[in-house]
Amino acid sequence: MFGKTNKGLIYFFGALGGMLYGYDTGVISGALLFIQKDIPLTSFMQGFVVSALLIGAIVGAGLSGPLSDRWGRRRVVLVISIVYIIGSLAAAFSPNATALVISRIILGLAVGGSTALVPVYLAEMAPTHVRGSLGSLNQLMITIGILVAYIINYAFTPIEGWRWMLGLAVVPAIILLIGVAFMPESPRWLIKKNREKEAREVMKLTREENEIENEIHEMLEAEKDQETAWSLLKARWVRPMLIVGIVLAIFQQIIGINAIIYYAPTIFNHAGLGSSASILGTVGIGIVNVLLTLVAIAVIDKLGRKKLMLWGNVGMVISLVVIASILSFAGLSTSTAWVTVVFLGLFIVFFAATWGPAVWVILPELFPLKARGAGTGITTLFLSLGNLVVSFLFPILLGAIGIVPLFFIFAAIGVLAFIFVAIFVPETKGRSLEEIEFDLRKKFGV
């Protein structure tokens, strides 16, 4: 089933869950403008509809790690694709706000599962020298999903077709369901289950013969540890990395990106643009997001994860400060609205080339094999929690304090993120997953 020519398909379908995450994250921004005409929503309910996805995602992220460690990465992806299909159809046919919230929670279960599982699968399937690039495919798929959502939003704006916007997520979900047939199980999970022969066969799809023996030896050495996933996560040599992963995941979500992804049309409306122009502006942001993620894929294994994040922080903070300053001193007008579009685009440039892919790559790299699924699941649980806080509070704070103070707050968070990365985050480029684990053990005398 898995021939050499299918290597690209393995990575494509392995990362496809990221596209669904991106689509369901981005599509609500345009749909919100029209949902209220059929289903009236208060500011509180508007935030609840958006954040319901993240409520489900918190549960999904918490469950997918342990389940993938027990049942395998591939089987859990199969379940995730089915849940995506159910949630998408339920959202499209929602008769009222309660049904819409419930359908978004169902979708969130799949979103949380894919955010936790896709980075683990790609990290474990990829050869060491290109693990950063291949791990970044998750972020690329997320940005493509967001862009597709923005284009669909714009296409259905003339008929205010929010049900079509939400329901079309079923298409990539069905593709993912079919694609499971092209996805082999992770070799590291197979080694963990004493299925070395199958692991070797899978590794032949993505590695040269001389690489396989070395990695198999490292995996078997790591597997000699008899600790369970949960005891490992509490161990003094793993716990610091768990904390680093959690804080990185939270920073990635509260640094401002989700306020822009979820509420870009709302932001543009507040800045002075009409509904159609606002949604068109988000399409431009989506295109920039995809293109700069491609740049990140090209350089992440050369420059490293840490350096990218530090440079990204500088660019994002400057962009936010400029936007807030212009809106503060120049006020609302057509010209300031388009300046806002330009600098939000620059914010996306810096995020998409740095923090977007780098965090998804580094999270599974921080944990040993036996705790990788559980550890990544916990960090992405907190990632979804940070996303939930931003998506729920943003419309409330926007109405209470205005857009200018909000952007200054995001800029301050960016400064804190820079300091955290500079002091606490290790560089993981150029080392196998087992080498990273052995180095951590050595550092703490284990």
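Residues numbered from 1 in each chain as written. Predicted model: local features only at pLDDT ≥ 70, side-chain atom pairs only at ≥ 80, totals over all residues. Heavy atoms only, no water.

Caption draft 1: Structural view of the overall build of the chain. Counting its regular elements, the chain contains 20 helices and zero strands. Per-residue burial for the chain yields a buried fraction of 61% across its 446 residues. Residue pairs in contact within the chain that sit at least 24 positions apart in sequence constitute 85% of those at least 6 positions apart. A total accessible area of about 16200 Å² is found for the chain, and carbon and sulfur atoms account for 71% of it. (Helix = DSSP H or I, 4+ residues; strand = E, 2+ residues; numbered from the N terminus. Buried < 20%, exposed > 50% of the residue type's maximum accessible area, 1.4 Å probe, protein only. Contact = heavy atoms within 4.5 Å. Areas by Shrake-Rupley, 256 points an atom, 1.4 Å probe, with all protein chains shown as cover.)

Caption draft 2: Just helix 20 (residues 433-443), in detail. Those residues of helix 20 that fall on the buried side of the exposure criterion are Leu 433, Glu 434, Ile 436, Glu 437, Leu 440 and Arg 441. Each buried residue of helix 20 lies within a common arc of 160° when the element is viewed along its axis, so the set occupies one face. Among the exposed residues of helix 20, those oriented more than 90 degrees off its buried face are Lys 442 and Lys 443. (Arc of directions from axis to C-beta.)

Caption draft 3: A look at unusual backbone geometry. Here the phi dihedral of Glu 160 falls at roughly 50°; this positive angle occurs in a residue that is not glycine. Relative to the assigned elements, Glu 160 resides in the loop between helix 6 (137-156) and helix 7 (162-167). Notably, Asn 194 is not glycine yet its phi reads approximately 60°, a positive angle. Inspection of the secondary structure assignment puts Asn 194 in the loop between helix 9 (187-192) and helix 10 (196-203).

Caption draft 4: Spotlight on empty space enclosed by the protein. All chains considered together, the criterion is met by three cavities of 30 Å³ or more. Contributing to the lining of the largest cavity are 15 residues, with Tyr 21, Gln 139, Ile 142, Asn 258 and Phe 351 lying nearest its centre. Elements that contribute at least two residues to the lining of the largest cavity include exactly helix 1 (7-38), helix 6, helix 13 (239-254), helix 14 (257-271) and helix 17 (334-365). If one sorts the elements of the lining of the largest cavity by residue count, helix 6 sits on top with four residues. (1 Å grid on protein atoms, 1.4 Å probe; cavity = no way out; pocket = protein on both sides within 12 Å on 5 of 7 lines; lining within 4 Å. Points joined across faces, edges and corners; volume = space filled by probe spheres on them.)

Caption draft 5: View of the layout of surface pockets. What the second largest pocket holds in volume is close to 230 Å³. Lining the second largest pocket are 13 residues, and of these Arg 74, Glu 185, Leu 190, Arg 195 and Glu 198 lie nearest its centre. For the lining of the second largest pocket, the secondary-structure elements that each account for two or more residues are helix 3 (73-92), helix 9 and helix 10. Residue contributions to the lining of the second largest pocket peak at three residues, all from helix 10. Class assignment for the residues of the lining of the second largest pocket results in seven nonpolar, no polar and six charged. (Nonpolar A, V, L, I, M, F, W, Y, C, P; charged D, E, K, R; others polar.)

Caption draft 6: Quick look at the nonpolar core. Counting residues in hydrophobic clusters, the biggest one holds 113 residues, and the most contacted among them are Tyr 84, Leu 248, Phe 347 and Trp 355. By residue number, the principal contributor to this core is helix 17, which donates eleven residues. Contact partners of Trp 355, with chain neighbours within four places excluded, come to Leu 248, Phe 251, Gln 252, Ile 255, Met 309, Asn 313, Met 316, Phe 350, Ala 417 and Val 421. (Core = buried A, V, L, I, M, F, W, Y, C linked by side-chain atoms within 4.5 Å.)

Caption draft 7: Fine view of the packing of aromatic side chains. Enumeration over the complete set of coordinates arrives at four aromatic pairs. Geometrically, the ring pair formed by Tyr 21 and Trp 360 is edge-to-face, given 6.3 Å between the ring centres and 80° between the ring planes. With Tyr 21 in helix 1 and Trp 360 in helix 17, this residue pair connects regions lying 339 residues apart in the sequence. Ring centres 6.0 Å apart and planes at 50° place the aromatic pair Phe 251 and Phe 420 in the tilted group. Of this pair, Phe 251 sits in helix 13 while Phe 420 sits in helix 19 (residues 403-424); the two residues are 169 residues apart in sequence, bridging distant segments of the chain. (Phe/Tyr/Trp six-rings, centres within 6.5 Å; stacked < 30°, edge-to-face > 60°.)

Caption draft 8: Highlighting helix 6. Helix length check: helix 6 (20 residues) gives 28 Å between terminal C-alpha atoms against 28 Å at 1.5 Å per residue, within 8%. Here helix 6 lies mainly inside the structure; 15 of its 20 residues are buried. (Expected span 1.5 Å × (residues − 1).)

Caption draft 9: Representation of a nonpolar patch on the surface within the structure. Residues Trp 311, Val 314, Ile 318, Val 415, Leu 416, Phe 418, Ile 419, Ile 423 and Phe 424 make up a contiguous nonpolar surface patch of about 900 Å² in total accessible area. Breaking the nonpolar patch down by element, the ones donating at least two residues are helix 16 (305-330) and helix 19. With six residues, helix 19 is the single largest residue contributor to the nonpolar patch. (Patch = residues over 30% accessible without salt bridge, like charges linked within 9 Å, V, L, I, M, F, W, Y side chains within 5 Å. Salt bridge = Lys/Arg side-chain N within 4 Å of Asp/Glu carboxyl O.)

Caption draft 10: Structural view of the environment of Tyr 121. Position of Tyr 121 relative to the elements: it lies in helix 4 (residues 97-125). In the structure, Tyr 121 is positioned 44 residues away from Val 77 in sequence and 9.9 Å away in space, judged by C-alpha atoms. Residue contacts for Tyr 121: discarding those within four places in its chain leaves Ile 10, Gly 14, Arg 73, Met 183, Pro 184 and Ser 186. Only 2.7 Å separates the side chain of Tyr 121 from the backbone oxygen of Pro 184, close enough to count as a polar contact. (Polar contact = N/O pair within 3.5 Å; in protein donor to acceptor, adjacent residues only side chain to side chain.)

Caption draft 11: Up close: the confidence of the model for the chain. The share of residues in the chain with pLDDT of 70 or more is 89%, and the mean pLDDT across the chain is 81. Considering only residues more than four positions removed or in separate chains, one finds that residues 1-5, a stretch of pLDDT under 50, has eleven contacts. (pLDDT = per-residue confidence, 0-100.)

Caption draft 12: Seen up close, the pattern of salt bridges. Scanning the entire structure with this criterion turns up eight salt bridges. Where Arg 305 meets Asp 301, a salt bridge forms, and the shortest distance between an N and an O atom there is 3.2 Å. Given a relative accessible area of 0%, Arg 305 falls into the buried group. Residue Asp 301 is classed as buried on the basis of its relative accessible area of 19%. In this structure, Arg 305 and Glu 365 form a salt bridge, with 2.6 Å as the shortest nitrogen-oxygen distance. One end of the pair, Arg 305, is in helix 16; the other, Glu 365, is in helix 17, and 60 residues separate them in sequence. In terms of burial, Arg 305 and Glu 365 fall into one category: buried. In this structure, a network of salt bridges that share partners links the residues Asp 69, Arg 73 and Lys 192.

Caption draft 13: Structural context of the packing of helix 18 (residues 372-401) against helix 19. Where helix 18 meets helix 19, the axes come as close as 7 Å, and the angle between the chain directions of the two elements is 125°. Classed by the angle they form, the pair helix 18 and helix 19 counts as oblique. Across from Phe 394, Leu 397, Leu 398 and Ile 401 in helix 18, the residues of helix 19 making contact are Ile 403, Pro 405, Leu 406, Ile 409 and Phe 410. Here the contact of helix 18 with helix 19 is composed, by residue class, of nine nonpolar, no polar and no charged. (Axes fitted to C-alpha atoms, helices over the stretch in contact; angles between N-to-C directions. Parallel < 35°, antiparallel > 145°, perpendicular 65-115°, else oblique.)

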